[in-house]
Amino acid sequence: AKAAGRGRHRFFEPAMEEQLRVQQTLKADLGRAMQNSEFELAFQPIIDLGSNQVRSFEALLRWRHPGQGCISPETFIALAEETGLIIPLGEWVLHRACAAAAIWRKGIRVAVNLSSGQFQSSDLPEAVADALAKTGLAPDMLELEITESVLLQHSETNLQTLKRLRELGVRIALDDFGTGYSSLSYLQRFPFNRIKVDRSFVMELPGHEESEVIVRAITDLGRSLGMAVTAEGVETRQQLDALRARGCDEAQGYFFSKPIAVEEIDGCLTRLEAA
Ligand code: C2E
Ligand code: CA
Ligand code: CA
Ligand code: CA
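This structure is a prediction, so every number in the text was calculated from the model and none was measured.

Colleague: Mind showing me how you'd approach the coordination of the calcium ion (ligand 3) here?
Modeller: Six octahedrally arranged donors around a metal ideally form angles of 90 or 180 degrees; four tetrahedrally arranged donors ideally form angles of 109.5 degrees. Summarising the metal site, the calcium ion (ligand 3) is bound by the protein donors D175 (OD), D176 (OD), E232 (OE) and E232 (OE), whose distances to it range over 2.1 to 2.6 Å. Each donor residue of the calcium ion (ligand 3) lies on the same chain, and together they follow the pattern D-D-x55-E. Separating the calcium ion (ligand 3) from the calcium ion (ligand 2) is a gap of 3.9 Å, bridged by D175, which donates to each. In this pair, D176 is assigned in strand β6 (residues 171-177) and E232 in the loop between β8 (228-231) and α11 (237-245), connecting sequence segments 56 residues apart. Overall, the relative accessible area of 23% leaves D176 in the partly exposed class.

Written out as structure tokens, the structure is:
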């Protein structure tokens, strides 16, 4: 393996080597980030398009790296999966998100993203039950978001995990819908509470015919299967109007609010509900 590693090494461009080095440094830093309390949660409101009320907040993880500033989860989740940190980190996220939702205004849910490694871990239902018990959050107020790509493999085990989570009384959303492959068969086999239309389709509304057709198909599908449909990444009034016209139930995006700190939630609710 060592020889193969060295052999492979020769083919790397200098830029790739640099990238690899940066990744390895980050990976090492990640190990200390938890003890050093470098993680935070940001919350982004999700709005009901019928009543214009805030229905939930999605918890989004932030890493405040001492040298490099805020690092996106898109960069470090994969690293956390490689090192195994994703399990304690995921539990921390669950606990913090539930604790926040337990004290904000009653009836507003919290949505928590699950990574592949977390979802594949046999202790996940236990960790979820533990977070609910310790924070006193009603199970129905927690929604877990999993992406289509997470469901690609191990379909029987995945189905069992989804069922165990459902038995706890939490809700399950299928995230980034439309970007993967397994979606249709999964929708048929498992009753998700919600599907989230990926931002890549929302971005091109209105006017881009292909995205118009896809968004309409997803909202129709959601309605006929009894699943709520949320659009993510809404940035403009035009996108919002197009989504509303297509029967989308809820929306989130910079048009309403960027992800905010927990202290800003009351102000955000006041602002959005006065609008
Ligand atoms: P996601 O679940 O699809 O989350 C939506 C992403 O879009 C977030 O990026 C959010 O800040 C961003 N966003 C929201 N509204 C807009 C908009 O109007 N325009 C644009 N351009 N972007 C918008 P973020 O926070 O960087 O998170 C990226 C991804 O990292 C998430 O994608 C999710 O898959 C993952 N992630 C975030 N937090 C966690 C976590 O606690 N655990 C796990 N496992 N994954 C997480
Ligand atoms: Ca999400
Ligand atoms: Ca998403
Ligand atoms: Ca996404």
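Colleague: Explain the coordination of the calcium ion (ligand 2) to me, please; I cannot follow it from the model alone.
Modeller: Surrounding the calcium ion (ligand 2) are the protein donor atoms E58 (OE), N113 (OD1), E145 (OE) and D175 (OD), which sit 2.1 to 2.3 Å from the metal. Taken in sequence order, the residues that donate to the calcium ion (ligand 2) follow the motif E-x54-N-x31-E-x29-D.

Colleague: Could you clarify how one ought to interpret helix α4 (residues 86-103) in this entry?
Modeller: Residues lying three or four places apart along an α-helix face the same way, a consequence of the helix completing one turn every 3.6 residues. For α4, built from 18 residues, the straight-helix expectation of 26 Å at 1.5 Å per residue is met to within 8% by its first-to-last C-alpha distance of 26 Å. Among all positions of α4, only I86, L89, G90, V93, L94, A97, C98, A100 and A101 are buried. Projected down its long axis, α4 shows its buried positions confined to an angular sector of 160 degrees, all on one face.

Colleague: Honestly, empty space enclosed by the protein in this entry has me stumped. Any pointers?
Modeller: Space left empty within the atom packing is revealed by a probe, the size of a water molecule, rolled over the atoms. For the structure on display, the rule yields 1 cavity of 30 Å³ or more. Size it by volume and the largest cavity reaches roughly 50 Å³. Broken down by secondary-structure element, the contributors of at least two residues to the lining of the largest cavity are α4 and α6 (124-135). Counting residues per element, the lining of the largest cavity draws most heavily on α4, at 4 residues. Split by residue class, the lining of the largest cavity holds 4 nonpolar, 3 polar and 2 charged.

Colleague: Quick question: what am I supposed to make of the site of ligand 1 here?
Modeller: Neighbouring ligand 1 are 24 residues; Q44, R62, R199, E235 and Y254 lie closest to it. A distance of 3.0 Å separates a nitrogen atom of ligand 1 from a polar atom in the side chain of Q44. E58 is positioned such that a nitrogen or oxygen atom in its side chain is 3.2 Å from an oxygen atom of ligand 1. About the coverage of ligand 1: the protein hides 85% of its 800 Å² of free accessible area. Mapped onto the shell around ligand 1, the elements with two or more residues apiece are β2 (54-65), α3 (73-83) and β6.

Colleague: Hey, could you run me through the pairing of strand β5 (residues 142-147) in this one?
Modeller: For a regular strand, side chains alternate in direction, first toward one face of the sheet and then toward the other. Taking burial as the measure, the 6 residues of β5 include 6 buried ones, the bulk of the element. What you see with β5 is no split at all: L142, L144 and I146 on one side and E143, E145 and T147 on the other are buried throughout. One ladder, built from 4 bridges, connects strand β4 (residues 109-113) with β5; its direction is parallel. Bridge assignment links V110 to a residue of β5, and that residue is L142. Note that β5 and β6 share 5 bridges and pair parallel. In the sheet register, I146 faces β6, and the bridge partner there is L174.

Colleague: How should I be thinking about the side chain of E232 in this particular structure?
Modeller: Despite its burial, E232 pairs with no opposite charge; the closest candidate is K196, at 4.4 Å N-O. There is a polar contact of 3.4 Å between the side chain of E232 and the backbone nitrogen of R199.

Colleague: Hey, could you run me through the confidence of the model for the chain in this one?
Modeller: Close reading of the predicted structure is inappropriate where its pLDDT is low. Averaged over all residues, the pLDDT of the chain is 90; the fraction at 70 or higher stands at 94%. Taken together, the stretch residues 1-5 has pLDDT below 50 and engages in 0 contacts with residues farther than four places along the chain or on a different chain.

Colleague: Help me understand the packing of α4 against α6, please; the structure alone is not making it clear to me.
Modeller: Pairs of packed helices are described in terms of their axes, by the angle between the two and the distance that separates them. Where α4 contacts α6, the two axes come as close as 9 Å, and the packing angle between them is 35 degrees. Judged by the twist between their axes, the crossing of α4 over α6 is right-handed. Across from E91, L94, H95, C98, A99 and A102 in α4, the residues of α6 making contact are A127, V128, A131, L132, K134 and T135. In terms of residue class, the contact of α4 with α6 is made up of 8 nonpolar, 2 polar and 2 charged.

Colleague: What am I meant to see in α11 here?
Modeller: All of the buried residues along α11 are Q239, L240, A242 and L243. Along the axis of α11, the buried residues cluster in a sector spanning 165 degrees; they form a single face. In this structure, the buried residues of α11 make contact with α9 (199-202), α10 (209-225), β8 and β9 (250-251). One or two residues past the end of α11 sits G247, with phi positive at roughly 85 degrees.

Conventions we followed
Residues numbered from 1 in each chain as written. Chains lettered and ligands numbered in written order. Predicted model: local features only at pLDDT ≥ 70, side-chain atom pairs only at ≥ 80, totals over all residues. Heavy atoms only, no water. Donors = N, O, S within 2.8 Å, 3.2 Å for Na, K, Ca; no water. Helix = DSSP H or I, 4+ residues; strand = E, 2+ residues; numbered from the N terminus. Buried < 20%, exposed > 50% of the residue type's maximum accessible area, 1.4 Å probe, protein only. Expected span 1.5 Å × (residues − 1). Arc of directions from axis to C-beta. 1 Å grid on protein atoms, 1.4 Å probe; cavity = no way out; pocket = protein on both sides within 12 Å on 5 of 7 lines; lining within 4 Å. Points joined across faces, edges and corners; volume = space filled by probe spheres on them. Nonpolar A, V, L, I, M, F, W, Y, C, P; charged D, E, K, R; others polar. Near = heavy atom within 4 Å. Polar contact = N/O pair within 3.5 Å; in protein donor to acceptor, adjacent residues only side chain to side chain. Areas by Shrake-Rupley, 256 points an atom, 1.4 Å probe, with all protein chains shown as cover. Pairing = 2+ DSSP bridges. Lys, Arg positive; Asp, Glu negative; His and termini not counted. Salt bridge = Lys/Arg side-chain N within 4 Å of Asp/Glu carboxyl O. pLDDT = per-residue confidence, 0-100. Contact = heavy atoms within 4.5 Å. Axes fitted to C-alpha atoms, helices over the stretch in contact; angles between N-to-C directions. Left-handed = near helix turned anticlockwise from the far one by under 90°.

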